[in-house]
Amino acid sequence: MIPAVQELQAAFQARGYVAGDALATALRLVVGLGKPLLLEGPAGVGKTEAAKTLADVLGTRLLRLQCYEGLDAQSALYEWNYARQLLHLRAAELRGEAAGDDDLYGEAFLMPRPLLQAIREPRSAVLLIDEIDRADDAFEAFLLELLAEWQITVPELGTLPAVSRPHVILTSNRSRELSDALRRRCLYHWTEYPSRAQELHIVLSRLPGINETLARQVTDAVHALRALPLGKTPGVAETLDWASALVSLHADHLDAESLHATLGAVLKLREDQLLAAPTLQGVAAKAQARG
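For clarity, every value in this text was computed on a predicted model and none was experimentally measured.

Reading guide: rules and limits
Residues numbered from 1 in each chain as written. Predicted model: local features only at pLDDT ≥ 70, side-chain atom pairs only at ≥ 80, totals over all residues. Heavy atoms only, no water. Salt bridge = Lys/Arg side-chain N within 4 Å of Asp/Glu carboxyl O. Helix = DSSP H or I, 4+ residues; strand = E, 2+ residues; numbered from the N terminus. Buried < 20%, exposed > 50% of the residue type's maximum accessible area, 1.4 Å probe, protein only. Pairing = 2+ DSSP bridges. Axes fitted to C-alpha atoms, helices over the stretch in contact; angles between N-to-C directions. Contact = heavy atoms within 4.5 Å.

Undergrad: Outline the pattern of salt bridges, listing residues and values.
TA: Under the definition given, this model contains 16 salt bridges. A salt bridge links R183 to E40; the nearest nitrogen and oxygen atoms lie 3.0 Å apart. Of this pair, R183 sits in helix α9 (residues 180–184) while E40 sits in strand β1 (residues 37–40), and the two are 143 residues apart along the sequence. Look at R183 and you get partly exposed, because its relative accessible area is 21%. In this structure, the salt-bridge partner of R174 is E177, at a minimum N-O distance of 3.5 Å. Linked by salt bridges that have partners in common, E40, R174, E177 and R183 make up one network.

Undergrad: Break down the sheet that holds strand β9 (residues 187–190) for me, citing the residues and quoting the values.
TA: Neighbouring strands of a sheet are bound in pairs by backbone hydrogen bonds; such pairs are parallel or else antiparallel. Within the open sheet, the five strands sit side by side as β2-β5-β8-β1-β9. Their pairing is parallel. Only two strands of the sheet have a single partner each, and these edge strands are β2 (62–66) and β9. Between one strand axis and the next, the sheet turns through 20° on average, direction left out of account. Pairing of strand β5 (residues 126–130) with strand β8 (residues 167–172) involves four bridges; the strand directions are parallel.

Undergrad: Tell me about the environment of F142, and please be specific about residues and values.
TA: Residue placement: F142 occurs in helix α8 (residues 137–149). Placed 53 residues apart in sequence, F142 and L89 show a C-alpha to C-alpha distance of 33 Å. Setting aside residues up to four positions removed in sequence, F142 forms contacts with A73, L77 and L115.

Right, here's the structure in full:
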């Protein structure tokens, strides 16, 4: 059964993820149309978490391919279990037998990686291709064929067609521009930082024991920080880390002492901490006056 957009939103919200109408619709189309979805936006806005939550909602397996510079097709598709092949070859020699390629390059020695795993799943899995912008153009070009044909060719075994078509989500922080060919094959959604109200809702959902005043103060402080020209703008993950740190210190409101003690949970560069110091002093003073 393919959930309706409202059902999908409710299921996400029950898991602490606030999905707007546009994102929920895009995810619904991934399942309904079988097309990949490219989620683009700043780091830390919940792109990866959206794929994880979708897999949980659908009750299916999540397969994640973390992209990096120098990633090649072989690493993403499959590898051969060389140690097991050598043991098999040695055993054949001890028996006085000759082991041919058909013996050494069979299914028993094949080690599938995320892309091959995804198309061999008996039930459609969620395939997360994370930070595709970190991979190079050659890998991106290889990916086009997989997304178009839904099959993989292993030279020793031939073409392996998909048992089921995975629900594919690609994420990008836009560290480089992706090709038009990849974009044409995907649905697209730009993921922005949540509004104050949305982020407060996320904090209260993920940390049900948090004091609401503290949650509101943390949310307001993070939004004030995002207005600054920081080297690393805090995302939703940093908001949750900061709120969790304050809760663990039994804080019920944000003051200068607790802010200074937990600053490393939200700002990860020394230069950003120095730049933000005046803003945070104002945030702490305002919070103390209200508290």
